Amino acid sequence: LTLSVPPLVGLNITKNNNGVVQAGERAHYIITVTNRGLTVAPNGFTVIDTLPASLSYVSSEGEGVTCTVDGNIVTCVFTEPLAIDETAQVDIFVDVARDATGAIVNTAVVSTDDENLSDSVVLAENEVSVAAANPDNLPNTGAVIAFWL
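Residues numbered from 1 in each chain as written. Predicted model: local features only at pLDDT ≥ 70, side-chain atom pairs only at ≥ 80, totals over all residues. Heavy atoms only, no water.

Novice: I tried to follow the sheet that holds strand β12 (residues 123–131) on my own but got confused; where do I start?
Specialist: Strand order in the open sheet formed by six strands is β3-β12-β10-β5-β8-β7, with mixed pairing between adjacent strands. The open sheet has two edge strands, β3 (20–22) and β7 (65–70), and neither has a second partner. For this sheet, the mean inter-axis angle between neighbouring strands, taken without regard to orientation, is 25 degrees. Here β7 pairs with strand β8 (residues 73–78) via six bridges, running antiparallel. Each bridged residue has a counterpart across the sheet, and for V69 the counterpart in β8 is V74. (Pairing = 2+ DSSP bridges. Helix = DSSP H or I, 4+ residues; strand = E, 2+ residues; numbered from the N terminus. Axes fitted to C-alpha atoms, helices over the stretch in contact; angles between N-to-C directions.)

Novice: Sorry, what's going on with the pairing of strand β4 (residues 26–35) here?
Specialist: Regular strands have side chains that alternate between both faces of the sheet. Of all ten residues in β4, seven are buried; the element is thus mostly enclosed. By the bridge criterion, six bridges tie strand β2 (residues 11–16) to β4 in an arrangement that is antiparallel. Bridge assignment links L11 to a residue of β4, and that residue is N35. In this structure, β4 lies alongside strand β9 (residues 87–96), joined through nine bridges in antiparallel fashion. (Buried < 20%, exposed > 50% of the residue type's maximum accessible area, 1.4 Å probe, protein only.)

Novice: Please clarify how the layout of surface pockets should be interpreted in this entry.
Specialist: Empty space among the atoms becomes visible once a probe the size of a water molecule is rolled across them. Roughly 160 Å³ of internal volume is contained in the largest pocket. As for the largest pocket, its lining consists of F45, E63, G64, F78, E80, P81, L82, E86, T87, A88 and Q89. For the lining of the largest pocket, the leading source of residues is β9, giving three residues. When grouped by side-chain class, the residues that make up the lining of the largest pocket number five nonpolar, three polar and three charged. (1 Å grid on protein atoms, 1.4 Å probe; cavity = no way out; pocket = protein on both sides within 12 Å on 5 of 7 lines; lining within 4 Å. Points joined across faces, edges and corners; volume = space filled by probe spheres on them. Nonpolar A, V, L, I, M, F, W, Y, C, P; charged D, E, K, R; others polar.)

Novice: What is the right way to look at the sheet that holds β4 in this model?
Specialist: Sheets are built from strands paired through backbone hydrogen bonds, the pairs being either parallel or antiparallel. Taken in spatial order, the four strands of this open sheet run β2-β4-β9-β6, and their pairing is antiparallel. Because the sheet does not close on itself, it has two edges, and the strands there are β2 and β6 (55–61). Sheet twist, expressed as the mean angle between neighbouring strand axes with direction ignored, is 25 degrees.

Novice: I keep staring at the nonpolar core and nothing clicks. Help me out?
Specialist: Where a protein is soluble and globular, its nonpolar side chains tend to be buried together. Counting 32 residues, the largest nonpolar core has F45 and V47 as its most contacted members. Contributing elements (two or more residues each) for this core: β2, β4, β5 (45–50), β8, β9, β10 (103–111) and β12. It is β9 that provides the largest number of residues to this core, a total of five residues. Ignoring any residue separated from it by four or fewer positions in sequence, one finds V47 in contact with I13, I31, V33, V74, T75, C76, F78, A108, V109 and V110. (Core = buried A, V, L, I, M, F, W, Y, C linked by side-chain atoms within 4.5 Å. Contact = heavy atoms within 4.5 Å.)

Novice: Would you take a moment to explain the environment of S111 for this structure?
Specialist: Within the secondary structure layout, S111 lies in strand β10. Judged by relative accessible area, S111 falls into the partly exposed class, the value being 39%. Considering only alpha carbons, one finds S111 and I13, 98 residues apart in sequence, at a separation of 9.8 Å. Apart from the residues lying within four places of it in its own chain, the contact partners of S111 are F45 and T46.

Structure follows, in structure tokens:
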């Protein structure tokens with residue numbers, strides 16, 4: 001008699017940054033996934049970050065993760081198992097539109113082919129305030145702008 005017990009993982013996701021972004025500047029988001037389940041997550045997992053229109057993807061980095069971009073959707077695949085209470089992280093760098101104002105809400109979700117506990121936090125939302133563009137980085141009205149190639 002062979003009894004096969006499927007993995008029972010509890011992937012929880014968080015998304016953070018420094019709280020304020022500046023129009024026309026680069027911003028940095030940190031997405032962290034923690035396995036709070038009863039077993040290792042043997043099949044890895046995927047994080048999908050849907051960027052709002054005011055953010056443009058620049059790059060991403062993290063250990064054991066590969067990210068691809070299609071329009072405003074960043075898909076990051078972690079192929080390595082995630083042990084109980086272990087965390088994995090991906091850093092996503094974006095440019096904030098010059099005309100961005102108010103608040104930006106950015107959402108990411110985590111999914112796995114393994115069975116996920118029902119109380120797992122699989123969606124993370126991050127809201128940041130947008131500071132006006134730095135006037136020192138903008139040309140004055142009527143100014144001559146030179147470009148070198």
